[in-house]
Amino acid sequence: MVRSTTVARASDALPLAASVDDEQTETALQEHKQQAKLIFRRINAQSEPRCSIESDAYTLHYLISNGVVYLTIAEKSYPRKLAFLYLDELAREFWNSYGAKVDTVRKPYAFVGFDTFMSKTARLYSDTRTANAAAATSESNLDKLNGELQDVTRIMTKNMEELLWRGDSLDRMSHLSTSLRSESEKYRKAARKINFDAMIRQYAPIGAVVFFILIVIWWKFF
């Protein structure tokens, strides 16, 4: 289930709103909330717009939309598709309510009142069966995310250790994705060539024999 959510400005990681979590959740997620701050600082103009970062028993999912980062900490077993549908709903409502003010605020948590909507939406998505039913009837969500969230593999995934210990930047995933697609195409072409060469090697002797027989027949009868 969705455990905690934070909204921040992408340009300077200024927190704009956050869910009000109980003491038990605060204690359980203390380390992961520190990791969320790291993610906000690592985000830049080249960062992947949708990403899931695995950390122990939880996954941190973030969505970047209109210069705002929406990040939620969810249990690792929680479906990624639902996590991003949840974030998409937050993004749409937040931008409609506060979009004109995002670039001008200077104080953190200027839109603390957004917690009411976050809490209500989080409760809706806390039960995966209820969330699936809501997602199935939300045509606007499905239309917007068609071809992007239907194929969950398009959401980039990283491990928190890569960010903490190797210092990976979130924008590297974009280059990695492009590189993987390029390498994949290269290997597909190579595979086609190998298959063609194998077919030639397999049928060339037969073809030579048939050609020789035709020559003999032509020479003998024509």
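Residues numbered from 1 in each chain as written. Predicted model: local features only at pLDDT ≥ 70, side-chain atom pairs only at ≥ 80, totals over all residues. Heavy atoms only, no water.

- Under an unreviewed UniProt entry, the name given to the protein chain is Protein transport protein SEC22, and the organism recorded is Serendipita vermifera MAFF 305830.
- Turning to the protein chain, the UniProt annotation filed under Sequence similarities (unreviewed entry) states: "Belongs to the synaptobrevin family." (UniProt positions renumbered as here; feature names shortened; annotations may be inferred.)

## A closer look at the environment of Ser52
(1) Moving on: Locating Ser52 in the fold gives a position in strand 3 (residues 50-55).
(2) Moving on: Between the C-alpha atom of Ser52 and that of Leu71, which follows or precedes it by 19 residues, the distance is 9.6 Å.
(3) Moving on: For Ser52, the side chain forms a polar contact with the side chain of His61, separated by 2.8 Å. (Helix = DSSP H or I, 4+ residues; strand = E, 2+ residues; numbered from the N terminus. Polar contact = N/O pair within 3.5 Å; in protein donor to acceptor, adjacent residues only side chain to side chain.)

## Overview of the environment of Lys76
(1) Moving on: When you line up the elements, Lys76 lands in the loop between strand 5 (68-75) and helix 3 (80-98).
(2) Moving on: Lys76 has contacts with Glu54, Asp56, Ala57, Tyr58 and Thr59, leaving out every residue within four places of it along the chain. (Contact = heavy atoms within 4.5 Å.)

## Details of the confidence of the model for the protein chain
(1) Moving on: With 67% of its residues at a pLDDT of 70 or more, the protein chain has an overall mean of 78.
(2) Moving on: Confidence over residues 139-154 falls short of pLDDT 50; this stretch has 25 contacts with residues more than four positions distant or in other chains. (pLDDT = per-residue confidence, 0-100.)

## Overview of helix 4 (residues 115-126)
(1) Moving on: The terminal C-alpha atoms of helix 4 lie 16 Å apart, and with 12 residues this matches the ideal 16 Å at 1.5 Å per residue to within 8%.
(2) Moving on: Among the residues of helix 4, Asp115, Phe117, Met118, Thr121, Ala122 and Tyr125 are the ones counted as buried. Along the long axis of helix 4, the arc covered by the buried residues comes to 155 degrees, so they all point the same way. Projecting away from the buried face of helix 4 at angles above 90 degrees are the exposed residues Thr116, Lys120 and Arg123. (Expected span 1.5 Å × (residues − 1). Buried < 20%, exposed > 50% of the residue type's maximum accessible area, 1.4 Å probe, protein only. Arc of directions from axis to C-beta.)

## Focus: the pattern of salt bridges
(1) Moving on: Taken as a whole, this structure holds 5 salt bridges when the rule is applied.
(2) Moving on: Where Glu75 meets Arg3, a salt bridge forms, and the shortest distance between an N and an O atom there is 3.9 Å. Of the two residues, Glu75 sits in strand 5 while Arg3 sits in strand 1 (residues 2-9), which places them 72 residues apart along the sequence.
(3) Moving on: Judged by its relative accessible area of 21%, Arg3 falls in the partly exposed class.
(4) Moving on: With a shortest N-O distance of 2.7 Å, Arg9 and Asp12 are connected by a salt bridge. (Salt bridge = Lys/Arg side-chain N within 4 Å of Asp/Glu carboxyl O.)

## Here's the deal with the packing of helix 3 against helix 4
(1) Moving on: At a minimum axis separation of 11 Å, helix 3 and helix 4 run at an interaxial angle of 155 degrees. Considering the angle they form, helix 3 stands roughly antiparallel to helix 4. Every pair of crossing elements has a handedness; the one defined by helix 3 and helix 4 is right-handed. The segment helix 3 lies against helix 4, with Leu82, Leu85, Tyr86, Glu89, Leu90 and Glu93 engaging Phe117, Met118, Thr121, Ala122 and Tyr125. (Axes fitted to C-alpha atoms, helices over the stretch in contact; angles between N-to-C directions. Parallel < 35°, antiparallel > 145°, perpendicular 65-115°, else oblique. Left-handed = near helix turned anticlockwise from the far one by under 90°.)

## Details of the nonpolar core
A general trend in soluble globular proteins is that nonpolar side chains are found buried together.
(1) Moving on: Core analysis: the largest hydrophobic core is formed by 28 residues, its most contacted members being Val7, Leu16, Tyr70, Tyr86, Leu90, Phe94 and Phe114.
(2) Moving on: Only strand 1, strand 2 (15-18), strand 5, helix 3 and helix 4 provide two or more residues apiece to this core.
(3) Moving on: When neighbours within four sequence positions are excluded, Phe94 is seen to be in contact with Val7, Leu16, Val68, Tyr70, Gly99, Val102, Phe111 and Phe114.
(4) Moving on: The next biggest cluster of nonpolar side chains, apart from the first, holds 15 residues, and it includes Ile39, Phe40, Ile43 and Ile53. (Core = buried A, V, L, I, M, F, W, Y, C linked by side-chain atoms within 4.5 Å.)

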